Structure formats: C-alpha cells, structure tokens
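Residues per chain are reported as follows:
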Amino acid sequence: MQTYAQGTEIWIKHEEEVWIQAEIVTANDKEIIVKSNEDPNSRIVLGPHEPIFLRTSDVFTSEGLSVLDDLCQLTHLHEPAVLSSLQNRFDIDKIYTFTGPILIALNPFKGIPNLYDEDVLRSFMSTKPSSKPHVFNTANATYRGICDRKKSQTVLISGESGAGKTETTKFVMKFLAMAGASDGEVTNVEKQVLESNPLLEAFGNARTLRNDNSSRFGKFIELQFRSSGKDAASLGVAGENCRLCGARIQTYLLEKVRVCDQQEGERNYHLFYEACAAAALASQSNYSYPQRIQNVKKELTLNLEGFSDLSTFAYLTRSSCKTLKDVDDIEMFERRIHVRHCLSGAKT
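Residues numbered from 1 in each chain as written. Predicted model: local features only at pLDDT ≥ 70, side-chain atom pairs only at ≥ 80, totals over all residues. Heavy atoms only, no water.

Right, let's talk about the packing of aromatic side chains for a bit. This model, assessed by the stated rule, comprises eight aromatic pairs. With a centroid separation of 5.0 Å and 75 degrees between ring planes, the pair formed by Trp 19 and Phe 53 is classed as edge-to-face. Residue Trp 19 is found in strand β2 (residues 18-27), and its partner Phe 53 is found in strand β5 (residues 53-54); the two are separated by 34 residues along the sequence. Aromatic side chains Tyr 287 and Phe 333 sit 5.8 Å apart centroid to centroid with 90 degrees between the ring planes, which places their arrangement in the edge-to-face category. (Phe/Tyr/Trp six-rings, centres within 6.5 Å; stacked < 30°, edge-to-face > 60°. Helix = DSSP H or I, 4+ residues; strand = E, 2+ residues; numbered from the N terminus.)

Its 13 residues give helix α1 (residues 79-91) an end-to-end C-alpha distance of 18 Å, which sits within 8% of 18 Å, the value for a rise of 1.5 Å per residue. Among all positions of α1, only Pro 80, Ala 81, Val 82, Ser 84, Ser 85, Leu 86 and Arg 89 are buried. On the buried face of α1, the contacting elements are β1 (9-14), β2, β5, β8 (96-99) and β9 (102-105). (Expected span 1.5 Å × (residues − 1). Buried < 20%, exposed > 50% of the residue type's maximum accessible area, 1.4 Å probe, protein only. Contact = heavy atoms within 4.5 Å.)

Our focus in this paragraph is the environment of Ser 288. Structurally, Ser 288 can be placed in strand β14 (residues 286-289). Counting along the chain gives eleven residues from Ser 288 to Glu 299, while the straight-line C-alpha distance between them is 7.5 Å.

Examined against the element boundaries, Arg 144 turns out to sit in helix α3 (residues 135-149). Residue Arg 144 is classed as buried on the basis of its relative accessible area, which comes to 5%. Separated by 3.2 Å, the side chains of Arg 144 and Asn 241 make a polar contact. (Polar contact = N/O pair within 3.5 Å; in protein donor to acceptor, adjacent residues only side chain to side chain.)

Our next topic: the sheet that holds β5. Read from one edge to the other, the open sheet built from five strands follows the order β4-β3-β2-β1-β5, with strand pairing classed as antiparallel. Two strands in the sheet have a free side with no partner beyond their single neighbour: β4 (39-46) and β5. Note: β2 against strand β3 (residues 32-36), five bridges, orientation antiparallel. Pairing of Ala 22 across the sheet is with Ser 36, part of β3. The strands touched by α1 are β1, β2 and β5; relative to β2, the strand with the most contacts, the crossing angle is about 130 degrees. (Pairing = 2+ DSSP bridges. Axes fitted to C-alpha atoms, helices over the stretch in contact; angles between N-to-C directions.)

Here the focus is the pairing of β14. Every second residue of β14 is oriented toward a common face, the buried set being Tyr 287 and Tyr 289 and the non-buried set Asn 286 and Ser 288. The pairing of β14 with strand β15 (residues 300-303) spans four bridges and is antiparallel. From the neighbouring strand, Tyr 287 faces β15, where its bridge partner is Leu 302.

Mapped onto this numbering, the UniProt entry annotates "binding site: ATP" (unreviewed entry) at Gly 159, Glu 160, Ser 161, Gly 162, Ala 163, Gly 164, Lys 165 and Thr 166. A residue is classified by how much of its surface remains accessible, and Ser 161, at 25% relative accessible area, is partly exposed. If you trace the backbone, Gly 164 turns up in the loop between α3 and α4 (165-179). (UniProt positions renumbered as here; feature names shortened; annotations may be inferred.)

Moving on to the pairing of β4. For β3 and β4, the ladder comprises four bridges, and the chain directions are antiparallel. In the sheet register, Ser 36 faces β4, and the bridge partner there is Asp 39.

Quick look at the packing of helix α6 (residues 270-279) against helix α7 (residues 329-343) now. Between α6 and α7, the shortest axis-to-axis distance is 8 Å and the interhelical angle comes to 105 degrees. Relative to α7, the element α6 lies roughly perpendicular. From α6, His 270, Tyr 273, Glu 274, Ala 275, Ala 277 and Ala 278 reach across to α7, where they touch Asp 329, Ile 330, Met 332, Phe 333 and Arg 336. Tallied by class, residues from the contact of α6 with α7 come to seven nonpolar, one polar and three charged. (Parallel < 35°, antiparallel > 145°, perpendicular 65-115°, else oblique. Nonpolar A, V, L, I, M, F, W, Y, C, P; charged D, E, K, R; others polar.)

Next up, the structure:
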C-alpha cells in the first residue's frame, strides 16, 4: 500500500457533486482518514484499497483562476481532474477545451457574446494553427489539410442528445463556406450549402425532453473543394486557398417511429406543426406568402390543401406539447419556403 503524507490534497466521491475536494488527515495500513473542504470538521474513512485521486492546488493569476486550454497539460489526468478543469472553464464561458487533437465542447445553453462573430471567424483563417481551442480552429485545420496537403479531411462530431452537435455542425460548415468563398465574398454556392441545413431540420428535427431542436437522424455532409490557383495572401500568410464548389448530403437512421408516437412533452417533426400553423391562417387552403418575414421580393400563393389546425391530427396530439418557447411556427414555415426557393434558384 502506498503511504500518503498528512495534508495531501485529493478528490473523493460525493453523491450530489460527484467529486469534491478533500485533504488527508492521517493514513496507515488499515485506513485513510480525510476531511472534505466543504466541511473541515468532518472525518471520512477510506479503505486501504480504495483508489486515491490526487489533486493539484488551484492557481490564481491577475486574471483569476488559471484554466488550462489542453487537458493533456493537467498534472493528474483522471476523471475528477478532467471534470474539475472543464467545470472551471465552463464557469467563465470557456466552453471549448483541447484534449490533444480532440476538441471538447460543452453546451452553454445560452448565447455567449462575440464567440461566433464574423470577425472571430476570420481571425482563425490562417495557415498557422492557433493554440486557442475553438470550433473555428478545428474547422481551419480541416481546411488547411485540404489546401496544403491535398487530402480529404473528416470532422467527426459526436455527443449525447442536447450536447450541441447540430449547432457545432453549422459552425463548421459556416467556417468552411467562408474560407472557401471567392475573395472572401460568399456566393450562391456557399449560400446554398449553408441553407441546406434549415430544410433538413424541418423534416428531421423535433423537440425532445432534452432539446427543442434535436436531430432525429444522422447525416454525412460532403463539402467539395477545388483548387483556386490563388494563394492565401488575403490572410497575410503563405499557402493556397481552395474554393468550395459543391456539397452532397447523405441522411440515415431517421427516427420513423416518431411520426406516429411521441412521449409526453415531446413533438413530432417541426414541419408538421409549422405547416398546420400556416394552414390555420390560409383562406380556402391558399396561404399568402409572406406574412411574417420581410425582404421577400416575390409574393406567392401556397396551396396547403390537406393541412389544417393541428388539433385535427392524431399523430400531432400524442403529447400536450404543441409549441416551442420563443419560436413562431408560422415564421419558421416561411423561412423554410424562402430557403427552398433559394436552393431551387427562384428569386424570392
């Protein structure tokens, strides 16, 4: 058995907090007695064969608590140390953390000012890799792999429901579209690639108990680039830029059972509710578009025959959840129509 000195800082399990900070009071061959930081007067007895997770004292600088950008730099690399580091970063809105070449993203469930602004995006457009963990940094590494090494690249985005995979995919695509735009100007090709997401979400995303916009299907998105023959002088660095010229999307594993049944508190796919909300405003099944969104050059009359108030559809009323917080289904319906016409080349 390894012996530990009095005052050794460790982590111990906790029913509510998972892990809490503690300090060894005494240790011998039979037991280890520790006190927790939250209750220094208490004493907790650990068995001689229980695993001990050593803890490093927090370091404070003039900017506050020091938080490492890369978990591989931790002195002790184990579960409590990793969770503590991620929690400390999360508390100060640093939601991205490296683990070597892997980027960990924590869903903040709120908007963080200036995290995804266009100026921030462009700051990551460089042939020199940044040391700052960010989804744009990962996207830039992917883009440079295409341009400099002429090799296909893969970005694998995984996580549990509500982790933020859908939004992360959008940010990766946005960066690649901007980086692959001609002279930094987004053309119709880039716009069509980015606007494909809202249509996919309409037919394949739904509200679950954990996420208002949960993808209930998988997708493989292939962005296609060609050599532009131009260097990256606009970035102030050497290298070549490739031009985005097309995309191909393959969908799979659609949750078909959701169409006919949902848990209480969940919804069917977005499009059904959006179309029914629009149909409620239609005159004899004819919907005058637009009624919510602006800057549409061409007005349309849409035939919504077959749609009516959602209360008439059994498959849309399995749950009492009919609407989403801060979401106007009619506005979303019109946005889907706008995107559809943009993708098909219509001028709206």
